[in-house]
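Descriptive analysis of the structure
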2 protein chains.
Amino acid sequence: MTEQVIIAVDAMGGDRGPETVFAGITQALNADPALTVIVCGDKALVEPYCASQERAEACPTTEVIAMDEHPATAVRKKKDSSIVVGCRLVREGRAQGFFSAGSTGACLAAATLVMGRLKGVKRPALAQVLPAYEHPVLLLDVGANADCKPEYLVQFARMGCAYMQGVMGVAHPSVGLLNIGEEDTKGSMEVQEAHKLLRAELPEFKGNAEGRDLLSGGFDVIVTDGFTGNVCLKTIEGTSKTLFSYVKDALKSSVVTSLGALLIKGKLAVMKDKLSPDAYGGTPLLGVKGACIIGHGSSNERAVANGIAVAAETVRSSVAQVIASSVEDSAASAPNAASSETSQVGDQH
Amino acid sequence: MTEQVIIAVDAMGGDRGPETVFAGITQALNADPALTVIVCGDKALVEPYCASQERAEACPTTEVIAMDEHPATAVRKKKDSSIVVGCRLVREGRAQGFFSAGSTGACLAAATLVMGRLKGVKRPALAQVLPAYEHPVLLLDVGANADCKPEYLVQFARMGCAYMQGVMGVAHPSVGLLNIGEEDTKGSMEVQEAHKLLRAELPEFKGNAEGRDLLSGGFDVIVTDGFTGNVCLKTIEGTSKTLFSYVKDALKSSVVTSLGALLIKGKLAVMKDKLSPDAYGGTPLLGVKGACIIGHGSSNERAVANGIAVAAETVRSSVAQVIASSVEDSAASAPNAASSETSQVGDQH
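Please read these numbers as outputs of a predicted model, since none were measured by experiment.

Residues and elements named next belong to chain A. Close contact between helix α6 (residues 150-166) and helix α7 (residues 189-201) brings their axes to 8 Å; oriented N to C, the two are set at 45°. Between α6 and α7, the angle is such that the two are oblique. Note on packing geometry: the crossing formed by α6 with α7 is right-handed. Of the residues in α7, those in contact with Pro150, Glu151, Leu153, Val154, Ala157 and Arg158 of α6 are Glu190, Glu193, Ala194, Leu197, Leu198 and Glu201. A per-class count over the contact of α6 with α7 returns seven nonpolar, no polar and five charged.

Here the focus is the side chain of A:Thr61. All names here are of chain A. Looking at the secondary structure, you find Thr61 in the loop between β3 (56-60) and α3 (71-77). Residue Thr61 is classed as buried on the basis of its relative accessible area of 5%. When residues no more than four places from it in sequence are discounted, the contact partners of Thr61 are Cys40, Gly41, Asp42, Lys43, Asp80, Ser81, Ser82 and Val85.

On to the pattern of salt bridges, then. Counted by the stated rule, this structure contains 18 salt bridges over all chains. Measuring nitrogen to oxygen at the nearest pair gives 2.5 Å for the salt bridge that ties B:Lys234 to A:Glu210. Taken together, the positions of B:Lys234 in helix α8 (residues 226-251) and A:Glu210 in the loop between β8 (205-209) and β9 (221-223) put the pair across two chains. Relative accessible area serves as the criterion here: at 13%, B:Lys234 is assigned to the buried category. Where B:Arg158 meets B:Glu201, a salt bridge forms, and the shortest distance between an N and an O atom there is 3.5 Å. Here the residue B:Arg158 occupies a position in helix α6 (residues 150-166), and B:Glu201 occupies one in helix α7 (residues 189-201), the gap between them amounting to 43 residues. What you see here is one network of salt bridges that share partners, running through A:Glu210, A:Arg212, B:Lys234 and B:Glu237.

Before going further, it helps to examine the state of the cysteines. Evaluation of the coordinates by the stated rule reveals zero disulfides over all chains. B:Cys148 carries a free sulfur, and the closest cysteine sulfur to it, the one in B:Cys232, is 13 Å from it. A:Cys232 supplies the cysteine sulfur nearest to B:Cys232, a cysteine that is in no disulfide, at a spacing of 5.7 Å. B:Cys232 sits in the buried class, given a relative accessible area of 0%.

Time to look at the pairing of strand β4 (residues 97-100) of chain B. Residues and elements named next belong to chain B. On β4, burial covers both faces: Gly97 and Phe99 on one face and Phe98 and Ser100 on the other are all buried. Of the pairings in the sheet, the one linking strand β1 (residues 5-10) to β4 comprises three bridges and is parallel in character. Across the sheet, residue Ala8 finds its bridge partner in β4, namely Phe98. By the bridge criterion, four bridges tie β4 to strand β11 (residues 291-294) in an arrangement that is parallel.

Turning chain A through 180° and shifting it by 0.0 Å along the axis lays it on chain B, with an RMSD of 0.0 Å. The symmetry that links the two subunits is that of a two-fold axis. No C-alpha of chain A approaches the rotation axis more nearly than that of A:Gly260, which lies at 1.8 Å. Take the interface residues of chain A: 98% of them recur as interface residues in chain B, which is what a same-surface contact looks like.

Residue and element names in this part refer to chain A. Counted by the stated rule, this structure contains two aromatic pairs over all chains. Ring geometry for Phe22 versus Tyr49: centroids 4.4 Å apart, planes at 10°, classification stacked. Linking Phe22 in helix α1 (residues 18-31) with Tyr49 in helix α2 (residues 43-51), this pair joins segments that are 27 residues apart in sequence. Of the residues examined, Phe22 reaches a relative accessible area of 5% and is grouped as buried.

A few words on the pairing of strand β5 (residues 125-130) of chain A. Residues and elements named next belong to chain A. Summarising burial for β5: six of the six residues are buried, a large majority. The alternating pattern of β5 places Ala125, Ala127 and Val129 on one face and Leu126, Gln128 and Leu130 on the opposite face, and all of these are buried. Taken together, the two bridges between β5 and strand β10 (residues 283-286) define a ladder with antiparallel strand orientation. By the bridge assignment for β10, Ala125 is matched with Leu286.

Definitions and cut-offs
- Residues numbered from 1 in each chain as written.
- Chains lettered and ligands numbered in written order.
- Predicted model: local features only at pLDDT ≥ 70, side-chain atom pairs only at ≥ 80, totals over all residues.
- Heavy atoms only, no water.
- Axes fitted to C-alpha atoms, helices over the stretch in contact; angles between N-to-C directions.
- Helix = DSSP H or I, 4+ residues; strand = E, 2+ residues; numbered from the N terminus.
- Parallel < 35°, antiparallel > 145°, perpendicular 65-115°, else oblique.
- Left-handed = near helix turned anticlockwise from the far one by under 90°.
- Contact = heavy atoms within 4.5 Å.
- Nonpolar A, V, L, I, M, F, W, Y, C, P; charged D, E, K, R; others polar.
- Buried < 20%, exposed > 50% of the residue type's maximum accessible area, 1.4 Å probe, protein only.
- Salt bridge = Lys/Arg side-chain N within 4 Å of Asp/Glu carboxyl O.
- Disulfide = S-S within 2.5 Å.
- Pairing = 2+ DSSP bridges.
- Least-squares fit on C-alpha atoms with pLDDT ≥ 70 in both.
- Phe/Tyr/Trp six-rings, centres within 6.5 Å; stacked < 30°, edge-to-face > 60°.

So, in structure tokens, the structure goes:
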């Protein structure tokens, strides 16, 4: 029997408004009979929706964190916002996971401050499943930590492996370090140090990955600092967008190509869909106490449904527990690495 | 009248062999009656070619640096290699520029060690012209310096502007700093520091650029450290390759789409060509005493011809002189920044 799971959902997040979130919730509930959601948001919106929907409980909130607010400040001030309340439900054990398509920075700050970091985790990391050609690849960190010490990258690798095993069903994930060449001696000084640590501590580590490996699928998990990871993610998005613009121009350029375009239209749509981030339901924040999945601001109904499903799967496959024990094991074998550090909440949007 | 220019060319560089380089040289000479080349390479190859070709002078060399050799070591040991000799011709004033499709790392090391850095330049940088949608964008550094101090990025910006003005004909280039958000306070500590310096010193600086701006064309010059730049470049290449694989799969999937594919084939080829790095003739190394253009290892005849043409254009538009005076002016206005530093030659391949 499928394990019963309760996920808190931010009804106020996302550019398309609460109606899209509600439609996504309905879709997720229909697909998963063992799922219950607690819907956080404006009373006048969430109560009527939840009254009409089985396994949906309303949790009225009075504040909303806007996409352009400073994340850490907003989270500290707006204690009754849908994002902060959703994370609090997880901390209090009323829900096991949280999904929002709102401000990434605010979700990151709220999850870190309110849910809290797993014991031993130095920095939670944002991970992104990339639609690589042969199989999905998990890239992390994609923006939670602009400055990363080499030892953080080792933890990112452990967290990424736990996610790929638990949620994506990869039995033995391979790990690559994003770098500018294959040789061990490549890269900045910090990256060279990370290479040594990964080599020493992680059997899953297979060596350096390059930018072109992000979408080719030579690795299951690729680790990097949040600056490089975020730049890469946006570079992939920008490159795809530009290429599609070029293809579109080419297709519209004559009657013959327009006819050709008509014939391939359906297939191109399938392809675009496969490449869409919606297919993987948002970005997991790894290293916090509970499942936290952050959707794109532009999430549609399907993306919301997938995000909630991924949150449930993250709970059912015990990703947080696997991360905690993996980090604990490594701390036990290397006592120096176990020193507690002050958390620093990123201010990403 | 067009200025007479002499370019040294490495006949031994590139995966396709000397015949392709010779064909490229012939094409470049035919296109530019004021161009003379000095062809460096194996005597048995370059002498017969130069005997048959006007304005081509043979410069026999006895050594070759392979693509997989350690660049700095190879440059120090192989003093009679085509790459080292080509750079020496520039240092001795017998040529004004150098083109090679050989090992990027070896060209970088040879140009820096043999031609030498322009006075005041802390680190030469590799620049890449990207085929952005609206107009080309120059990204630098793309791999010469994995570790960069914030002040290097200011020099990269000055060098990039000189190149875009001189070679690409952009009258007033705008400069962006590659970062993970638009706000001034975004990014790693070093990038935040670079932002402040650029804001203070460079009127051309327009603010932060994101990964998606690399191919959209919001800026003319985008500066970053050589680690991030190289990762971005390979991410763009990898993303394009993966997308074309997906498109190819989609087109081959049925009789109808195959017919559609046939109709758009020509236009797609034109598009691929426009996106090809060959169109811009290789990667300029900026900050050295002379023009140095490094071609892709896979350069075809057209790429070699374009690379030589770009080298000639770099000479004619006095890019090195513009860089030297721009760096000198800034050093004069900020005396602390003028301290000489030890050069460090990257070991990129």
